[in-house]
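Listed below, chain by chain, are the residues.
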Amino acid sequence: MLLPVPLLLSLLGLAAADPTVYFKEQFLDGDGWTERWIESKPKPDFGKFVLSSGKFYGDQEKDKGLQTSQDARFYALSARFEPFSNKGQTLVVQFTVKHEQDIDCGGGYVKLFPAGLDQTDMHRDSEYNIMFGPDICGPGTKKVHVIFNYKGKNVLINKDIRCKDDEFSHLYTLIVRPENTYEVKIDNSQVESGSLEDDWNFLPPKKIKDPDADKPEDWDDRTKIDDPTDSKPEDWDKLEHIPDPDAKKPEDSDEEMDGEWEPPVIQNPEYKGEWKPRQINNPEYKGIWNHPEIDNPEYSPDSNIYAYENFAVLGLHLWQVKSGTIFDNFLITNDEVYAEEFGNETWGVTKAAENFVSKKKKERLFSSSLLSAIRVVSSAYLRLLIFLPAILIPASASSSLAFRMMYSAYKLNKQGDNIQP
Ligand SMILES: *[C@@H]1O[C@H](CO)[C@@H](O)[C@H](O)[C@H]1NC(C)=O
Ligand SMILES: [Ca+2]
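Every chain is numbered on its own, with residues counted from 1 as its sequence reads. Each chain gets a letter, beginning with A, and each ligand a number, beginning with 1, in the order they are written. Per-residue local features are limited, in this predicted model, to residues with pLDDT of at least 70; the limit for side-chain atom pairs, both in listing and counting, is 80 or more; totals at the level of whole chains, interfaces and linings are taken over all residues. Based on all heavy atoms of the structure, the side-chain values leave hydrogens and waters out of the count.

- As annotated in an unreviewed UniProt entry, the protein chain carries the name Calreticulin and is attributed to Moschus moschiferus.
- UniProt positions are given in the numbering used here, feature names are shortened, and annotations may be inferred rather than shown by experiment. Quoted verbatim from the Sequence similarities (unreviewed entry) field of the UniProt record, the comment on the protein chain reads "Belongs to the calreticulin family."
- Recorded in UniProt for the protein chain, the comment headed Subunit (unreviewed entry) runs: "Monomer."

Have a look at this one:
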């Protein structure tokens, strides 16, 4: 029996209501974005974002996004949308980042702010709800931040999620579900997932060590003990240093002037160090004492860790040493499948083209460097030809023949030089 598709989907629990798109920005309307994105003002020297598809791209128009354009700057730009709460809903935050400058140190993340943010005064300490995205600084820091503001404190994820550090566009997705679970995807495949409570220290621990439980005094947790049957041999103790028996009093020693002569001191070859008894297994060993745990009275579960009163602004507030990162295809929605589809249609389409273009560029670079390598080698070879006749033909043979050979080799070499740029 064939079921109609919507019925089939709903039987599988897959049918979803229409996706709600809270925010979407692809920069497809020329300068239009300058009306939607607002610069923060407190510092006059924030870096400038420009609209660009960069040095290589899939589609020159579609792949335009916000590119950082000045080195060693802070950037602070944001866009506002209708406030919404994610209570009882899935929240998906997604965007593409392209570090085409071969990034050394710089942020590639977004911050989601509540409605109260003054966009012209967005700064480092402006309170946000969520910060998400890649961050690179040297070889040591290459991670994806997932930071939640929980009761006024920024709480970082306990797991280490590695970000991409190549020059291509990558799609970053954060999904937060009302079951207090989350998922992080890079390029539409899952790189981390789990429960909010387990992977962030939002709440105090569920269990603590029982403060009333003490290790019994007679609890023996020494694995080895001194062998009671072992004793120090009688001839063990020897001085560590002794007077050198081979030293002789110098004949010119003047005891009245220098005091009584004393031989130099040497290490005693018979000295054995401190005596220690042999170690044996402790017959009384009881194992490691496990501190009993009790329920932590400070702990109370929170089924609303994931929920925020409202989201209203998406901000790019970051520092970059070497500029050139392009941000594009921002999406905030309640629909995971829609976000994946949108990712496929944007990043999914451009990644193949980008790879192709970049490969072609590298091939061109390679073939031009191969060509110059051939030039260098051939020119060195021709130079050698000039001197070979002089080496091979003795001066007495025919100096005029040697000269002719040298001259023609020289001319050949000149041509060799001429093919060099
Ligand atoms: C996105 O693309 C991948 C790879 O082609 C595919 O497996 C997946 O089903 C697509 N997702 C959606 C929602 O279309
Ligand atoms: Ca775009």
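## Description of the overall build of the protein chain
Right, on to step 1. The helix and strand labels rest on DSSP assignments: H or I over at least four residues marks a helix, E over at least two residues marks a strand, and numbering proceeds from the N terminus. Across its full length, the protein chain carries seven helices and 22 strands.
Right, on to step 2. In this scheme, a residue with accessible area under 20% of its type's maximum is buried, one over 50% is exposed, and one in between is partly exposed, where area comes from a 1.4 Å probe on protein chains only. The buried share among the 421 residues of the protein chain stands at 37%.
Right, on to step 3. It only takes one pair of heavy atoms within 4.5 Å for two residues to be counted as in contact. Partitioning the contacts of the protein chain with sequence separation of at least 6, the portion at a separation of at least 24 is 73%.
Right, on to step 4. Only the protein chains shown count as cover for residues, and all accessible areas are computed by the Shrake-Rupley method using a 1.4 Å probe. Split by element, the accessible area of the protein chain, about 25,500 Å² in all, is 54% carbon and sulfur.

## Side note on the state of the cysteines
A disulfide bridge is the covalent bond that connects two cysteines by way of their sulfur atoms.
Right, on to step 1. Any two cysteine sulfur atoms within 2.5 Å of one another count as a disulfide. Applying the stated criterion to the full structure yields one disulfide.
Right, on to step 2. The disulfide partner of C105 is C137, and the S-S distance across this bridge is 2.0 Å. Measuring handedness by torsion sign, the sulfur bridge of C105 and C137 sits at about -85° and is left-handed. Here C137 lies in strand β9 (residues 130-137) and C105 lies in strand β7 (residues 105-107), a separation of 32 residues in the sequence.
Right, on to step 3. Relative accessible area serves as the criterion here: at 36%, C137 is assigned to the partly exposed category.

## Here we look at the coordination of the calcium ion (ligand 2)
Right, on to step 1. Within the protein, the calcium ion (ligand 2) binds to Q26 (O), K62 (O), K64 (O), D328 (OD) and D328 (OD); these donor distances fall in the range 2.2 to 2.7 Å.
Right, on to step 2. Between consecutive donors of the calcium ion (ligand 2), the numbers of intervening residues give the motif Q-x35-K-x1-K-x263-D. Of this pair, Q26 sits in the loop between β1 (21-25) and α2 (33-36) while D328 sits in strand β22 (residues 325-333), placing them 302 residues apart in sequence.
Right, on to step 3. For D328, a relative accessible area of 3% puts it in the buried group. Think of the donor list as every N, O and S atom within 2.8 Å of the metal, or within 3.2 Å for Na, K and Ca; water never makes the list, so a site can look incomplete.

## Concerning the packing of aromatic side chains
Right, on to step 1. Between rings of Phe, Tyr and Trp, where Trp is taken as its six-membered ring, a pair exists when centres lie within 6.5 Å; planes separated by under 30 degrees are stacked, by over 60 edge-to-face, and by other angles tilted. Applying the stated rule across the entire model yields 23 aromatic pairs.
Right, on to step 2. Note on F23 and F81: the rings are 5.3 Å apart at their centroids and 40° apart in plane angle, and the pair reads as tilted. Of the two residues, F23 is situated in strand β1 and F81 in strand β5 (residues 73-84); the sequence distance between them amounts to 58 residues.

## Here's the deal with the site of ligand 1
Right, on to step 1. Near residues are defined by distance, with any heavy atom within 4 Å of the molecule or strand qualifying the residue. By nearness alone, every residue bordering ligand 1 is listed as V337, E340, E341 and N344.
Right, on to step 2. Within 3.5 Å is the distance limit for a polar contact, defined as a pair of N or O atoms, with the added protein rule that one can donate a hydrogen and the other accept it, and that residues adjacent in sequence qualify only through two side-chain atoms. A distance of 2.8 Å separates a nitrogen atom of ligand 1 from a polar side-chain atom of E340.
Right, on to step 3. N344 is positioned such that a nitrogen or oxygen atom in its side chain is 2.3 Å from an oxygen atom of ligand 1.
Right, on to step 4. Looking at the shell around ligand 1, its residues break down into one nonpolar, one polar and two charged. Residues are grouped as follows: nonpolar covers Ala, Val, Leu, Ile, Met, Phe, Trp, Tyr, Cys and Pro; charged covers Asp, Glu, Lys and Arg; every other residue, Gly included, is treated as polar.

## Observations concerning the pairing of strand β8 (residues 110-113)
Right, on to step 1. Burial along β8 is two-sided: V110 and L112 facing one way and K111 and F113 facing the other are all buried.
Right, on to step 2. Pairing between strands is defined by DSSP: at least two bridges between the two strands are required. In this sheet, strand β21 (residues 311-320) lies alongside β8 in antiparallel orientation, the contact comprising three bridges. Its bridge partner lying in β21, F113 is registered against V313.

## What to know about the nonpolar core
Right, on to step 1. Grouped together as the largest cluster of nonpolar side chains are 63 residues, with contacts concentrated most on W37 and F330.
Right, on to step 2. Here W37 is in contact with F23, E25, F27, L66, L77, S78, A79, L314, L316 and F330, once residues within four sequence places are set aside.
Right, on to step 3. Among the buried residues, those of types Ala, Val, Leu, Ile, Met, Phe, Trp, Tyr and Cys that are joined through side-chain atoms within 4.5 Å form a nonpolar core. Membership of the second largest hydrophobic core comes to six residues, among which are L331, Y338, A339 and F342.

## Details of the confidence of the model for the protein chain
Right, on to step 1. On a range of 0 to 100, pLDDT expresses the predictor's confidence in each residue. Overall, the predicted model of the protein chain reaches an average pLDDT of 87, with 86% of residues at or above 70.
Right, on to step 2. Of the regions scoring below 50 in pLDDT, residues 414-421 engages in seven contacts with residues more than four places distant in sequence or in other chains.

## Side note on the pattern of salt bridges
Right, on to step 1. The working definition used for a salt bridge is a side-chain nitrogen of Lys or Arg within 4 Å of a carboxyl oxygen of Asp or Glu. Tallying each qualifying case throughout the model produces 19 salt bridges.
Right, on to step 2. Here K98 ties to E100 by a salt bridge, and the two come within 3.1 Å at their closest N and O atoms.
Right, on to step 3. The exposure class assigned to K98 is buried, which follows from its relative accessible area of 4%.
Right, on to step 4. Taking the relative accessible area as the measure of exposure, E100 reaches 7% and is therefore buried.
Right, on to step 5. A single salt-bridge network, built from bridges that share partners, covers E25, D29 and R36.

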